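Analysis of the macromolecular model
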Amino acid sequence: MERADRNFAELLQELRVMQTGVQMLFAFLLTLAFSARFPDLDTAQRVMYVVTLLLALVATVMFTGPAAMHRQLFGLGAKRTIVDTSSRLAGVGLAALGLSLTGALLLVVDVVFGRPAGIAVGASALALCLVIWVALPQHLRRNAGPGPYASHAETDSDRGDGR
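Below you will find a few notes about this structure. (Residues numbered from 1 in each chain as written. Predicted model: local features only at pLDDT ≥ 70, side-chain atom pairs only at ≥ 80, totals over all residues. Heavy atoms only, no water.)

Things to note about the environment of Q23
With respect to the secondary-structure elements, Q23 resides in helix α1 (residues 2-32). Separated by 33 residues in the primary sequence, Q23 and A56 place their C-alpha atoms 8.2 Å from one another. (Helix = DSSP H or I, 4+ residues; strand = E, 2+ residues; numbered from the N terminus.)

Following this line, the structure appears as structure tokens:
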């Protein structure tokens, strides 16, 4: 139970960091529809905007889901389930955030410099998210031995990431 408490506290701290970014992005996207240039967007740009806004909403819901779940299940002895499910929600939230960041950048660069530049920059942003958020951690996991912070009793299931 102590391990589940620790894993949940660490996960909540991670979610706080991600939540700030997604809140700023979501607020930015909400204001775009009320800007003077919004009526000038073509159909593809409007689709990019709506899809990006919806992805930011999904990220927001996924990142706030663990707090809502904890609130509803508090005191029922479901901490391990909360930690495992919250970790999965955070993973979905990160995917939605990466796509939302990519979409926002694609839209802005498309409006400022044109579609080819927008696609190139959007693809680069998506690649960066995938490299830093997926490939790098997997590489480090494969090559990591027991680090200075690992305890001999800690197992993969103790990380709280559901893997």
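Quick word on the packing of α1 against helix α3 (residues 79-113)
How two helices pack is summed up by the angle between their axes together with the distance between the axes. Where α1 meets α3, the closest approach of the two axes is 10 Å, and the angle between their N-to-C directions is 25°. The pairing of α1 with α3 is recorded here as roughly parallel in orientation. Seen from above, α1 lies across α3 with left-handed handedness. (Axes fitted to C-alpha atoms, helices over the stretch in contact; angles between N-to-C directions. Parallel < 35°, antiparallel > 145°, perpendicular 65-115°, else oblique. Left-handed = near helix turned anticlockwise from the far one by under 90°.)

Focus: the environment of G91
Tracing the backbone through its elements, the reader meets G91 in helix α3. Taking the C-alpha atoms as reference, G91 lies 10.0 Å from W133; in sequence the two are 42 residues apart.

Concerning helix α2 (residues 43-73)
In this model, α2 (31 residues) spans 44 Å end to end at C-alpha, consistent with the 45 Å of a helix rising 1.5 Å per residue. At G65, α2 is bent by approximately 40°, the largest bend along its length, and proline P66 sits one to four residues beyond. Taking the backbone nitrogen of A44 as reference, a side-chain oxygen 3.1 Å away marks D42 as the first, capping residue of α2. (Expected span 1.5 Å × (residues − 1). Bend = angle between axes of the 7 residues up to and from the residue. Polar contact = N/O pair within 3.5 Å; in protein donor to acceptor, adjacent residues only side chain to side chain.)

Let's talk about the pattern of salt bridges
All told, the structure shown has three salt bridges when counted by the stated rule. We note a salt bridge from D42 to R115, for which the minimum N-O separation is 3.0 Å. Placement of the pair is D42 in the loop between α1 and α2 and R115 in helix α4 (residues 115-143), with a sequence separation of 73 residues. Here D110 ties to R115 by a salt bridge, and the two come within 3.0 Å at their closest N and O atoms. Beyond isolated ion pairs, a larger network of salt bridges with shared partners links D42, D110 and R115. (Salt bridge = Lys/Arg side-chain N within 4 Å of Asp/Glu carboxyl O.)

What about the nonpolar core?
Among the nonpolar cores identified, the biggest contains 22 residues, and L15, L29, Y49, A59, F63 and L97 are the most heavily contacted of them. Of all the elements in the fold, those that place two or more residues in this core are α1, α2 and α3. Top contributing element to this core by residue count: α1, with eight residues. Excluding residues that lie within four positions of it along the chain, F63 makes contacts with L15, M18, Q19, V22, A90, G93, L94 and L97. Formed by five residues, the second largest nonpolar core is a distinct cluster that contains M69, A78, I82 and V83. (Core = buried A, V, L, I, M, F, W, Y, C linked by side-chain atoms within 4.5 Å. Buried < 20%, exposed > 50% of the residue type's maximum accessible area, 1.4 Å probe, protein only. Contact = heavy atoms within 4.5 Å.)

Regarding the packing of α1 against α2
Interhelical geometry of α1 versus α2 gives an angle of 150° and a closest axis separation of 9 Å. With respect to each other, α1 and α2 are oriented roughly antiparallel. In this structure, α1 crosses over α2, and the sense of that crossing is left-handed. Of the residues in α2, those touching α1 at F8, L15, M18, Q19, V22, F26, L29, L30 and L32 are Y49, T52, L53, A56, L57, A59, T60, F63, T64, P66 and H70. Its residues assigned to classes, the contact of α1 with α2 comprises 15 nonpolar, five polar and no charged. (Nonpolar A, V, L, I, M, F, W, Y, C, P; charged D, E, K, R; others polar.)

Some remarks on α4
If you check α4, its first and last C-alpha atoms are 40 Å apart, about what 29 residues at 1.5 Å a residue would give, namely 42 Å. Where α4 bends most, the angle comes to about 40°, and this point is V131. Among all positions of α4, only G118, G122, A125 and C129 are buried. Contact partners of the buried residues in α4: α3.

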